[in-house]
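Here's the letter readout for the chains.
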Amino acid sequence: MADAKTFLRRLALFSVPAVVCLVVMIMIDPFNFFGVSHVVPDGLKSEVSQKINYAMWKMLAYRQDPVPNLLLGDSRVADLDEQYVEEISGVPWTNFGYGGGSLREAIQTFWFASEQVELERVCFGVNLHTYNANNNKDRVSEVEAALRNPLLYCVNANVVTAAGKLITAMIMGEPEPIGRPPMTREEFWEFQLEQVTRVYFEGYRYPTEYHRDLTEVAEYCLGHGIELSFVIMPNHVELQAKVGEHGLEEAAVQFRQDFIHWGPVYDFAFPNTMTGDQANYRDPYHFDEDFMQLIVRTVWGTERDFVRILEPEVAAAAAAGEDHAVQ
Amino acid sequence: MLFNSLQYCLFLPAVIGLYYLLPPRRRWALLLAASYYFYMSWKLEYIVLIMASTAVDYLCGLKMGSLSEKRQRKPYLIISLMANLGLLFAFKYFNFANESLRALFDQFNIFYGISAFHVLLPVGISFYTFQTLSYSIEVYRGNQKPERHLGIFALYVSFFPQLVAGPIERSTSLLPQLEKEHRFSYASMTSGLRLILWGMFKKVVIADWCGVLVSAVFNDVHGHDGIRYLLALFFFAYQVYCDFSGYTDIARGSARLFGVELMVNFRLPFYSKTMGEFWKRWHISLTSWFKDYLYIPLGGSRVPMGRWLFNVFVTFLISGLWHGASWNFVIWGAFHGAVLVVEILTMGWRERFWSAIRIKPSNLVFKLWGMLYVQIIWGIAHVFFRTRDLGDAVYMLRHMFDGVPQWLARVLSGDSLVLRQTFRGLGLSERELITLLIAIVFLEMVQYMNRGDDVTAALDRQPRVLRWAAYYVILAFIVFGGAFNQAQQFIYFQF
């Protein structure tokens, strides 16, 4: 009996740090998972936490206020202004574009959202470098795991990091600034064009899993009356040329041919005066505000000057490098 | 119910609490109910199989116990063997045998109309049938008195910590412990919890993260090149070892909380210098089972050389089949058997070679060479173990070094992107990969410091402040670095 008492006493003592950590995490609640404590102002949480894990921030917020229209993709989709898309399309949208995001994350987010609300419109932003088996980053599984189990939320590395930064911000009075890359615009352009592109394109693998998963998504959308569309985001022409330099012409043809089976494809990634002008870009991957508005007016409005809306026979010609705009 | 699930985290303390609150003579009933519940949490119906196996062996054991002559006991041993092996054949091997026969008949254009048996493989069937078989054989041999208490015997067959993936306990060791009255022991509780903690670390921090990377390569063998095959095999060694030894640690730790000591199943196998030594340190409960109930009855090593080699080869061939019902496992077992045969044949030659170059077995070069040799043989064999079919295995072996020279050239030329590209698309983020590598280094440090020792025994010798600090570090690794969103079933559950 004495043994049992000693054991329980020491076990309780041993558990104290864990319990304290748990209470602190519930009090700070960086991503508003519990929503019971207001120790940290929402504005500060929004500023700090969404920079640490935008997917977690967005998905938890979506759970509270689900919208039936989704934008899914990577940082280029993230650049599409929700308000502007709403203004042009006439309906509200939730932008689930994640910086450095993968198609895997976009597909997982689609299924997550479909469990929250009856979806009406879904638009995926894609490119050859995201339709790549080597590009399969996954930050969504951990959010889903955390949503299923509050304990996992409390011990999630991003949540703990965000909590640490929030505590620091509250003590210091302002959040830690996010550093910019120590490069000039030209150097950064070159870095993105050469180094980052090599990471994506060297060793490119055809994404059999994405093909299967997107087929499933398309079938689900068809069965549930969801309007599904795809936007091939407008890379700068120097980046478009990298496809050929890496010997991926056939992969590019296959990429376009695959997507036209699943829904209308708005292809902006072809040589024209917009994609040929560096002034329209922050770097070879990311367009500026004016180009963003043009994309929105094209996909959800009536502009058609810099897009190819792909049909099966057009996809092959487009991938082969014909640079005429097609309506 | 997986050991690394929240369900088990609630189940285990509840059972322990009740266990020590109940009067000792009622505890078997609680443990039996808990064990059946544990098993039924996978598939309710399959509890019938355990019950059937229990009933047959209980009755055969009683009957054999009442007969004085071995000759008279033999029919009951045969009944037990047929019932257990029949169960195993029906659920595990029927479809394999059926498909193999179909393929054979197809070769001769002969119609073969027996259809497949569409049934899910019962979890742990190979483990509990072997455990209960060992009881029948020991009773037959007269080394074990038959267990008269049906409840205790049923508990021996189904004791939940080791029910689904071993260690395969011998009746002579486990039955007396289940009959014994256990008092609450502070030392048993703490050492049990430490083993569980260490097992969880191996499973969720190392095995499960390795599993993500390994699956990415093995599930798409044709989509990768040599360097990724080598990487996948390197991490697969850690995955299997940490998965299975982690499971065993949790099993042994859980049993210790009830005062039951299960056998050690792993003794740093990758520190072996030959495959013969490896098999004395890896999955010891199975290897010793095969040794006691197959290899020695075949004649062991006390027979002419040719027969000895045959005994070794057959034992490993059957061990391969035990692991899985597919040609991959048959080849895996045959390969191990062949390697051991070669090791036996070259034993004298190797000794003379090392002595000629004046390197003693205690020399570091000898040890490192041996460990590298074991790693290579293990890697080749486990291509068959992990690939989905023979085609993938052969493809992988044929292309094992494709692109490796170019990769090395890029590394040597200082290409800063090479590592990033190598790991890209294998399912691990930079943070996860770094966590995994740190955990592997930590594991190796702990194992190196405790060669030949139990990790908990080493901890026991430290002052409490250090012990608790170590527990917090491991706990932090588990909770902040564990692959909870990628949690995978234990590999050996499939067997």
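Residues numbered from 1 in each chain as written. Chains lettered and ligands numbered in written order. Predicted model: local features only at pLDDT ≥ 70, side-chain atom pairs only at ≥ 80, totals over all residues.

Novice: Sorry, what's going on with the overall build of chain A here?
Specialist: In terms of helices and strands, chain A carries 15 helices and six strands. Across its three principal directions, the C-alpha atoms of chain A cover 85 × 50 × 40 Å. Taken across its 327 residues, chain A has 40% of its residues classed as buried. A separation threshold of at least 6 residues defines the contact pool for chain A, and within that pool the share at least 24 residues apart is 76%. (Helix = DSSP H or I, 4+ residues; strand = E, 2+ residues; numbered from the N terminus. Buried ≥ 20, exposed ≤ 12 C-beta atoms within 10 Å, placed from the backbone. Contact = placed C-beta atoms within 7 Å.)

Novice: Explanation requested: the pairing of strand β1 (residues 69-73) of chain A in the structure shown.
Specialist: The side chains of a regular strand alternate, first on one face of the sheet and then on the other. All names here are of chain A. Of all five residues in β1, five are buried; the element is thus mostly enclosed. Taking every second residue as pointing to the same face, both faces of β1 are buried, with N69, L71 and G73 on one and L70 and L72 on the other. Two strands pair when backbone bridges link them, and β1 and strand β3 (residues 121-126) are joined in this way by four bridges, in the parallel orientation. Paired with N69 across the bridge in β3 is R121. Pairing between β1 and strand β2 (residues 94-97): four bridges, direction parallel. Among the inter-strand pairings, L72 is bridged to a residue of β2, identified as F96. (Pairing = 2+ DSSP bridges.)

Novice: Before we go on, may I ask you to explain the sheet that holds β1(A) in this structure?
Specialist: Strand pairing in a sheet relies on backbone hydrogen bonds. The paired strands run either parallel or antiparallel. Residues and elements named next belong to chain A. A sheet is described by the order of its strands in space; here six strands give the open sequence β2-β1-β3-β4-β5-β6, paired in mixed fashion. Each of the sheet's edge strands pairs with one partner strand only, and the pair in question is β2 and β6 (308-310). Geometrically, the sheet is characterised by an average inter-axis angle of 20° between neighbouring strands, direction not taken into account. Running at roughly 160° to β1, helix α6 (residues 103-116) makes contact with β1, β2 and β3 of the sheet. (Axes fitted to C-alpha atoms, helices over the stretch in contact; angles between N-to-C directions.)

Novice: I keep staring at the confidence of the model for chain B and nothing clicks. Help me out?
Specialist: One rule of thumb: low pLDDT means the predicted coordinates there are not for detailed reading. Averaged over chain B, the pLDDT score is 89; the fraction of residues at 70 or greater is 98%. Across the assembled chains, the prediction reports ipTM 0.75 with pTM 0.84. (pLDDT = per-residue confidence, 0-100.)

Novice: Can you help me understand the nonpolar core in this one?
Specialist: One recurring pattern in soluble globular proteins: nonpolar side chains tend to sit buried together. Among the nonpolar cores identified, the biggest contains 191 residues, and C210(B) and L213(B) are the most heavily contacted of them. A per-element tally of this core places helix α8 (residues 186-218) of chain B first, with 19 residues. (Core = buried A, V, L, I, M, F, W, Y, C linked by C-beta atoms within 7 Å.)

Novice: Can you help me understand helix α7 (residues 140-148) of chain A in this one?
Specialist: Within an α-helix, residues lying three or four positions from one another point in the same direction, as the helix has 3.6 residues per turn. Residues and elements named next belong to chain A. Restricting attention to buried positions, one finds in α7 the residues V140, E142, V143 and A146. Buried residues along α7 cover an arc of 160° about the axis, so they all sit on one side. On its buried face, α7 sits against α3 (54-64), α6 and α8 (150-155). (Arc of directions from axis to C-beta.)

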